[in-house]
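Residues per chain are reported as follows:
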Amino acid sequence: HKDCGPTVNWEYIHRYHLGPGEPKRENFAIRENNSRLALENYQPGVKDKLLRRTKSKQLELQDAVEQARKKDEEEYQEAVRVYEEEYAEWEASKAIAQRIVEGDIEAYIEAIKHLNPFSEISEIGSSVRFSVVNEKVIEVEMAVNSEKVIPNETKTLLKSGKLSTKNMTKAQFYELYQDYVCSCVLRVSREIFALLPVEMILITAKGDLLNTSTGLLEETPILSVAIPRQTSKSLNFDAVDPSDSMVNF
């Protein structure tokens, strides 16, 4: 929960973000110009005249001009290709920025899918599903895979230098589990607030719990919380206890 991606200013992108500059061909003729200058300034020396290699030297310099021109053209065409890609990205970002500023919820979904702010959360064991209620509210379901992220053993180093391994108590496990769930909830909310201009996020965390009537694990809601943007902004995430912070919402 202490980490978060950069805030996206869609209003700025929509109104002020300038596109990439188009490459100019004259800026990609340095090699050709230098080679042509060498050809024009060539004055055969005494050795070239004695060995009758003035003509071959001129042909060599002419060939260098052609090779330089080809190399310059290759660099120019590569710059054009990069420019066209960057321009297309710029156009797309301007278009989606305008739609987001106007409250287009389909654009919200596109932005989340394209920028994928939940990738790190997924890596530590939680999958995230979302739906846009309206331009101010997003609803999120987060599946918490506790067994994959919470250890079931504790390790301590004895005075003898040996490593002692013990099974973690249920109290220790659930304390870590609760902090982990709450921390992920905070992280998800922070990522959404950084990405989109919503004012409220409704998050439900689900975990696999034992249904004692069937003896089977079932995905069950374990935490549901409504997080307003203003309340989230008021928290010091570097010092907050994730479990304790839930009383703010």
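Residues numbered from 1 in each chain as written. Predicted model: local features only at pLDDT ≥ 70, side-chain atom pairs only at ≥ 80, totals over all residues. Heavy atoms only, no water.

Q: Quick rundown of the packing of aromatic side chains? Include the residues and the values.
A: Counted by the stated rule, this structure contains seven aromatic pairs. Ring centres of Phe-173 and Tyr-177 lie 6.0 Å apart, and the angle between their planes is 15°; on these two criteria the pair is classed as stacked. In this pair, Phe-173 and Tyr-177 are both assigned in helix H8 (residues 170-195), four residues apart and thus about one turn of the helix distant. Neither residue differs from the other here; Phe-173 and Tyr-177 are each classed as buried. Consider the rings of Tyr-174 and Tyr-177, whose centres lie 6.3 Å apart with planes at 70°: the pair is edge-to-face. (Phe/Tyr/Trp six-rings, centres within 6.5 Å; stacked < 30°, edge-to-face > 60°. Helix = DSSP H or I, 4+ residues; strand = E, 2+ residues; numbered from the N terminus. Buried < 20%, exposed > 50% of the residue type's maximum accessible area, 1.4 Å probe, protein only.)

Q: Go over helix H4 (residues 54-101), please, and point to the residues and values.
A: Taking 1.5 Å of rise per residue, 48 residues should cover 70 Å, and H4 covers 69 Å from first to last C-alpha, within 8% of that figure. A positive phi of about 85° marks Gly-103, the residue just after H4. (Expected span 1.5 Å × (residues − 1).)

Q: If you had to explain the sheet that holds strand S5 (residues 200-211) to someone new, which residues and values would you point to?
A: In spatial order, the strands read S1-S2-S5-S6; together these four strands make up an open sheet with mixed pairing. This sheet does not close on itself; its edge strands, each paired only once, are strand S1 (126-134) and strand S6 (216-228). Averaged over neighbouring strand pairs, the angle between their axes works out to 20° when direction is ignored. As paired elements, S5 and S6 share 12 bridges and run antiparallel to each other. Directly across from Leu-202, in S6, lies its bridge partner Ala-226. Along the sheet face, helix H5 (residues 105-115) touches S1 and strand S2 (137-144) and points at about 165° away from the line of S1. (Pairing = 2+ DSSP bridges. Axes fitted to C-alpha atoms, helices over the stretch in contact; angles between N-to-C directions. Contact = heavy atoms within 4.5 Å.)

Q: I'd like a description of the pairing of strand S4 (residues 163-167), backed by residues and values.
A: Along a regular strand, successive side chains alternate from one face of the sheet to the other. In the sheet, strand S3 (residues 153-157) pairs with S4 via five bridges, with the strands oriented antiparallel. Opposite Glu-153, over in S4, you have Asn-167 as the bridge partner. Here S3 hands over to S4 after five residues, with Gly-161 in that stretch at a positive phi of 95°.

Q: Any details on the nonpolar core? Residues and values, ideally.
A: If you look at the biggest cluster of nonpolar residues, it comprises 43 residues, and the most contacted ones within it are Trp-10, Val-185, Val-188 and Leu-196. Among the elements that take part in this core, H8 stands out by supplying 12 residues, more than any other. (Core = buried A, V, L, I, M, F, W, Y, C linked by side-chain atoms within 4.5 Å.)

Q: Go over the confidence of the model for the chain with me, naming the residues and quoting the values.
A: For the chain, the mean per-residue pLDDT works out to 86, and 94% of the residues sit at or above 70. When pLDDT is averaged over each helix and strand of the chain, the minimum, 65, is found for helix H3 (residues 46-50) and the maximum, 94, for helix H9 (residues 229-233). (pLDDT = per-residue confidence, 0-100.)

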